[in-house]
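Structural overview
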Amino acid sequence: MKLAFTNRDLPAVTALLDTLELPPTPSRARTHLLAALAPAIETFSQDEYDLVRLYAQLGEDGSPKVNGDGTITLQDPGKASEFHTEHTQLLSEEVTVEFTSDKAALLLDALNASSQCFTGDTARALDILATSLEQANDTVAGS
């Protein structure tokens, strides 16, 4: 089965997975999902870095100069809109990862049975993860 996420959601979903308190069997499923997500996260990180390098002022070592507040300065401020559009497209790209239906079901059941409370960004990440697991399970059930 395939689980679908957007690049934008990968950091929040992995952060949620890292912090969930789960019993051993669903925890192992979580570990397998994190391993499945790792290549997608690495690809996204590299693509984002490459995009920033195209537009940002670069230091002597060829890496983007990062301002004290964590932002970058564009080489050509007139291309801010172009950079923003390309970055938004990159964030919106869908990535899929292979995951077994039994592990997805274990993880979804554990999420649904959890007594943990979620708010804000963590609740949003939970919704994204649960929706992806549910949609993948629905796809498998409908096959």
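The model shown is predicted, which means the values in this text are computed figures rather than measured ones. (Residues numbered from 1 in each chain as written. Predicted model: local features only at pLDDT ≥ 70, side-chain atom pairs only at ≥ 80, totals over all residues. Heavy atoms only, no water.)

1. Some points on the pairing of strand 2 (residues 94-98)
- The two faces of strand 2 differ: Val95 and Val97 on one face are buried, but Glu94, Thr96 and Glu98 on the other face are not.
- Here strand 1 (residues 2-6) pairs with strand 2 via five bridges, running antiparallel. Its bridge partner being in strand 2, threonine 6 is matched across the sheet by glutamate 94. (Buried < 20%, exposed > 50% of the residue type's maximum accessible area, 1.4 Å probe, protein only. Helix = DSSP H or I, 4+ residues; strand = E, 2+ residues; numbered from the N terminus. Pairing = 2+ DSSP bridges.)

2. Quick look at the environment of leucine 16
- Structurally, leucine 16 is set in helix 1 (residues 10-19).
- Separated by 11 residues in the primary sequence, leucine 16 and serine 27 place their C-alpha atoms 13 Å from one another.
- Residues in contact with leucine 16, not counting those within four places in the same chain, are Phe118, Thr122, Ala125, Leu126 and Leu129. (Contact = heavy atoms within 4.5 Å.)

3. Brief notes about the pattern of salt bridges
- The tally for this structure, following the rule as stated, stands at two salt bridges.
- Note that glutamate 98 and lysine 2 form a salt bridge whose closest N and O atoms lie 2.8 Å from each other. With glutamate 98 in strand 2 and lysine 2 in strand 1, this pair connects stretches of sequence that are 96 residues apart.
- Residue lysine 2 is classed as exposed on the basis of its relative accessible area, which comes to 52%.
- For the salt bridge of aspartate 9 with arginine 124, the shortest nitrogen-to-oxygen distance reads 3.0 Å. Here aspartate 9 is found in the loop between strand 1 and helix 1, whereas its partner arginine 124 is found in helix 5 (residues 120-142), with 115 residues between them in sequence.
- Judged by relative accessible area, which is 10%, aspartate 9 ranks as buried. (Salt bridge = Lys/Arg side-chain N within 4 Å of Asp/Glu carboxyl O.)

4. Describing the side chain of threonine 14
- Here threonine 14 shows up in helix 1.
- The class for threonine 14 is buried, based on a relative accessible area of 12%.
- Not counting the four nearest positions on each side in its chain, threonine 14 is found in contact with Leu34, Leu37 and Ile41.

5. Considerations on the packing of helix 1 against helix 2 (residues 24-55)
- Where helix 1 contacts helix 2, the axes come no closer than 10 Å and their chain directions differ by 150 degrees. Regarding the angle of helix 1 to helix 2, the classification is roughly antiparallel. Note on packing geometry: the crossing formed by helix 1 with helix 2 is left-handed. The residues of helix 2 that touch helix 1, namely those facing Leu10, Val13, Thr14, Leu17 and Asp18, are Arg30, Leu33, Leu34, Leu37, Ala40, Ile41 and Phe44.
- In the contact of helix 1 with helix 2, the residues fall into nine nonpolar, one polar and two charged. (Axes fitted to C-alpha atoms, helices over the stretch in contact; angles between N-to-C directions. Parallel < 35°, antiparallel > 145°, perpendicular 65-115°, else oblique. Left-handed = near helix turned anticlockwise from the far one by under 90°. Nonpolar A, V, L, I, M, F, W, Y, C, P; charged D, E, K, R; others polar.)

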